[in-house]
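Observations on the three-dimensional arrangement
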Amino acid sequence: MPTRVVLIHATPVAIDPILGVFRQEWPQAEPVNILDDSLSTDLESAGSLTPAITRRIVSMAQYGSNIGAAAILFTCSAFGRAIDTAKTALTIPVLKPNEAMFEDALSAGDRLGLLATFGPSVPSMEAEFHDLVHRRSSTARIESLLVESAMAALLKNDSGTHNRLLAEAAPRLSGCDAIMLAHFSTSRALAEVQQAVGCRVLTSPHSAVARLKTILET
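In short, a report on the structure. Computed from a predicted model, the values in this text were never measured in an experiment.

What follows deals with the nonpolar core. Core analysis: the biggest nonpolar cluster contains 27 residues, and Ile 8, Ile 57, Ile 72, Phe 74 and Phe 79 have the highest contact counts within it. Among the secondary structure elements, those contributing two or more residues to this core are β1 (4–9), β2 (30–35), α2 (38–46), α3 (51–66), β3 (71–74) and α4 (80–89). Here this core takes five residues from α3, the largest share from any one element. Filtering out sequence-adjacent residues up to four positions away, Ile 57 remains in contact with Leu 39, Phe 74, Phe 79, Ala 82, Ile 83 and Ala 86. If you look at the next biggest cluster of nonpolar residues, it comprises 18 residues, including Leu 114, Phe 129, Leu 132 and Ala 140.

Among the six residues in β1, five count as buried, and that is most of the element. Across six bridges, β1 lies against β2 in parallel orientation. Bridge pairing in β2 links His 9 to Leu 35. In this view, the connection linking β1 to its parallel neighbour β2 by way of helix α1 (residues 15–25) has right-handed handedness. In this structure, β1 lies alongside β3, joined through four bridges in parallel fashion.

Bringing the pairing of β3 into the picture now. Along a regular strand, successive side chains alternate from one face of the sheet to the other. Neither face of β3 is exposed, since Ala 71 and Leu 73 on one face and Ile 72 and Phe 74 on the opposite face are all buried. Note: β3 against strand β4 (residues 94–95), two bridges, orientation parallel. For Ile 72, the partnering residue across the bridge sits in β4 and is Val 94. In this view, the connection linking β3 to its parallel neighbour β4 by way of α4 has right-handed handedness.

Turning to the packing of helix α5 (residues 99–106) against helix α6 (residues 122–135), a few remarks are in order. Close contact between α5 and α6 brings their axes to 11 Å; oriented N to C, the two are set at 50°. Taken together, the axes of α5 and α6 lie oblique to each other. As for the relative orientation of α5 and α6, their crossing is right-handed in sense. Counted together, Glu 99, Phe 102, Glu 103 and Leu 106 of α5 and Met 125, Glu 128, Phe 129, Leu 132 and Val 133 of α6 form the full contact between these two elements.

About the cut-offs
Residues numbered from 1 in each chain as written. Predicted model: local features only at pLDDT ≥ 70, side-chain atom pairs only at ≥ 80, totals over all residues. Heavy atoms only, no water. Core = buried A, V, L, I, M, F, W, Y, C linked by side-chain atoms within 4.5 Å. Buried < 20%, exposed > 50% of the residue type's maximum accessible area, 1.4 Å probe, protein only. Helix = DSSP H or I, 4+ residues; strand = E, 2+ residues; numbered from the N terminus. Contact = heavy atoms within 4.5 Å. Pairing = 2+ DSSP bridges. Right-handed = clockwise from strand over helix to strand, strands pointing away. Axes fitted to C-alpha atoms, helices over the stretch in contact; angles between N-to-C directions. Parallel < 35°, antiparallel > 145°, perpendicular 65-115°, else oblique. Left-handed = near helix turned anticlockwise from the far one by under 90°.

Listed below in structure tokens is the structure:
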């Protein structure tokens, strides 16, 4: 039987990018999608993670485990602390959206850029990155650049404008050793951003699928 990986989404725009990477990089796996697209709007309204939102995150992870997941991957980067709680509640691997990408970025150099489109996720991602840097005794630092207009375009199904806006903004981070595309949804702009800068460009879906394949096939 194929390895079942449950993907938990807080926005539908994250689904196609991660499924595309699974098809390219690990077609033998069985990705299964769970979507609650009210999570992002509820988080934005609340202003921060609440106990109720955390319980929802944990409940979705438990459901994923109950339907036979070998591992769970969250695809929205704004729920870091809640995902940590879910990790402690389950015995199967549970991955945050960006943890594999952050690890890959640390191997690229000390000056790293983060190109984001969803403002509420940035503080959580920066905190996660700084925690990893501390645990690795690294000297790496991060510079974040928010392009909210790109997300607005994507929510109108205008991926061309989304990609163009990110590519136009990316050179502001071109002094970095690597640029991370912050969200699963931003990974669709990989080719355009890579053409606009001379440094390495990383995406959460590619790093996450590679990490899951290593964990589950060894």
